[in-house]
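Analysis of the macromolecular model
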Amino acid sequence: AFGVIADIQFADAEDGHDFWGCRQRYYRHSLRLLREAVQAWAGESPPIDCVLQLGDSIDGQNARRGEAESALQQVLDVLGQLSVPVHHAWGNHELYNFSRTRLVHTGLYSRPADGSDGPADRECHAYHRSLAPRLRLVVLDAYDISTLGADPGSLRYQEALRVLREKNPNEDLNSPEGLKEPHFVAFNGGFSQAQLDWFDEVLKFSDENQEKVIVMAHVPIHPSASNGVCLVWNYQAALSVIHSHGCVVCVLAGHLHDGAYCLDCHGVHHLTLDRVIETPPDSNAFGTVHVYEDKMVLKGRGRIPDRVMHF
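With an unreviewed UniProt entry as reference, the protein is termed Manganese-dependent ADP-ribose/CDP-alcohol diphosphatase, source organism Elachura formosa. The UniProt entry for the protein carries this comment under Cofactor (unreviewed entry): "Mg(2+)".

Right, dumping it as structure tokens:
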């Protein structure tokens, strides 16, 4: 069993709204909702084995306020009350606050220290971990190709900017207006070929060892588990890797604040979690997933509905 939560986006700030001014965001209350989630997970029976934090743990405004380090520490302190590991995905808001180089030296770097379980690029926050006999977790870095958090002089930044400029002629690269492929916006990102090749090798190993695999990333990788905008740039390439193997049973993501779900034509469940940041203080948005031989059962809290996902 494991806990799941997405888009906490904590900031020590008054309530505000999203970028379009439509939805209220409860910046301070998000930390209290996280505390409630941690307390609930600590009391689970049977106990959980880990927590999957699906990205955007703190809000981008912390960078403007000079509070990125303190905000992150408050979130990590709450999660640190758990006696089980927490696996972190990196989201766009982490990269608004910190450079990729800096994130490697924070508590959000949950990749093994020796680097043996991930790609050769140590700044790519992708890795795999055995959660139980014949059950493997793969954490993907959906901003491996991105302008966010990257040095403007780096190859990573230049490649990301080239892709964006090719697909998005808008002056504001965060705007999907008029795009044939509206997911090519700066607040999304993509997977490098090196990460996809590594991912393919991990899934090959799991096939050979008759494992089931759960994949997590901040950004959805299936259009039907998205709104068409919040979607990995090269999602087709990632799906091609997944569908060339039989071991992946579920892909978990955040980023899309409404949440979404689909069962794709290869029998893979794609679950995008609803957000904490826009959840009113009298509700919540987290869950606990229980994994069995033939299914996963999500016990949701607050805005997260219960769900049974058969293999």
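Anyway, onward from the coordinates.
Let's shift gears to the packing of helix H1 (residues 29–42) against helix H3 (residues 68–79). Between H1 and H3, whose axes approach to 9 Å, the crossing angle comes to 15°. In this view, H1 runs roughly parallel relative to H3, as classed from their interaxial angle. Seen along the crossing, H1 lies across H3 with a hand that is right-handed. In this structure, H1 contributes Leu31, Leu34, Arg35 and Val38 to the contact, and H3 contributes Gln74, Val75, Val78 and Leu79.

For helix H8 (residues 235–243), the full list of buried residues reads Tyr235, Ala238, Leu239, Val241 and Ile242. On an axial view of H8, the arc spanned by its buried residues comes to 155°, and they lie on one face. Buried residues belonging to H8 abut helix H7 (193–208), strand E9 (248–253) and strand E11 (269–272).

Before going further, it helps to examine H7. Spanning 16 residues, H7 covers 23 Å between terminal C-alpha atoms, matching the ideal 22 Å at 1.5 Å per step. Of all the positions in H7, only Gln195, Leu196, Trp198, Phe199, Val202, Leu203 and Ser206 are classed as buried. For H7, the buried positions fall inside an angular range of 160° around the axis, keeping them on one side. Seen from the buried face of H7, the exposed residues on the opposite side, beyond 90 degrees, are Gln193, Ala194 and Glu208. In the core, the buried residues of H7 are packed alongside strand E6 (127–132), strand E7 (135–139), strand E8 (212–216), H8 and E9. In the segment just after H7, glutamine 210 is the residue with positive phi, at about 55°.

What follows concerns the pattern of salt bridges. Inspection of every chain in the model, using the stated rule, returns 25 salt bridges. With its nearest N and O atoms 2.5 Å apart, the salt bridge here joins aspartate 12 to arginine 28. Highlighted residues: aspartate 12 in the loop between strand E1 (2–5) and strand E2 (16–17) and arginine 28 in the loop between strand E3 (24–25) and H1, separated in sequence by 16 residues. A salt bridge links lysine 167 to glutamate 181, with the shortest nitrogen-to-oxygen separation between them at 3.0 Å. Of the two residues, lysine 167 is situated in helix H6 (residues 155–167) and glutamate 181 in the loop between H6 and H7; the sequence distance between them amounts to 14 residues. A relative accessible area of 32% places lysine 167 in the partly exposed class. On the basis of relative accessible area, glutamate 181 is assigned to the partly exposed category, the value being 29%. When salt bridges that share partners are traced, they join Arg23, Arg25, Asp258, Asp274, Arg275, Glu278 and Arg303 into one network.

Conventions adopted
- Residues numbered from 1 in each chain as written.
- Predicted model: local features only at pLDDT ≥ 70, side-chain atom pairs only at ≥ 80, totals over all residues.
- Heavy atoms only, no water.
- UniProt positions renumbered as here; feature names shortened; annotations may be inferred.
- Axes fitted to C-alpha atoms, helices over the stretch in contact; angles between N-to-C directions.
- Helix = DSSP H or I, 4+ residues; strand = E, 2+ residues; numbered from the N terminus.
- Parallel < 35°, antiparallel > 145°, perpendicular 65-115°, else oblique.
- Left-handed = near helix turned anticlockwise from the far one by under 90°.
- Contact = heavy atoms within 4.5 Å.
- Buried < 20%, exposed > 50% of the residue type's maximum accessible area, 1.4 Å probe, protein only.
- Arc of directions from axis to C-beta.
- Expected span 1.5 Å × (residues − 1).
- Salt bridge = Lys/Arg side-chain N within 4 Å of Asp/Glu carboxyl O.

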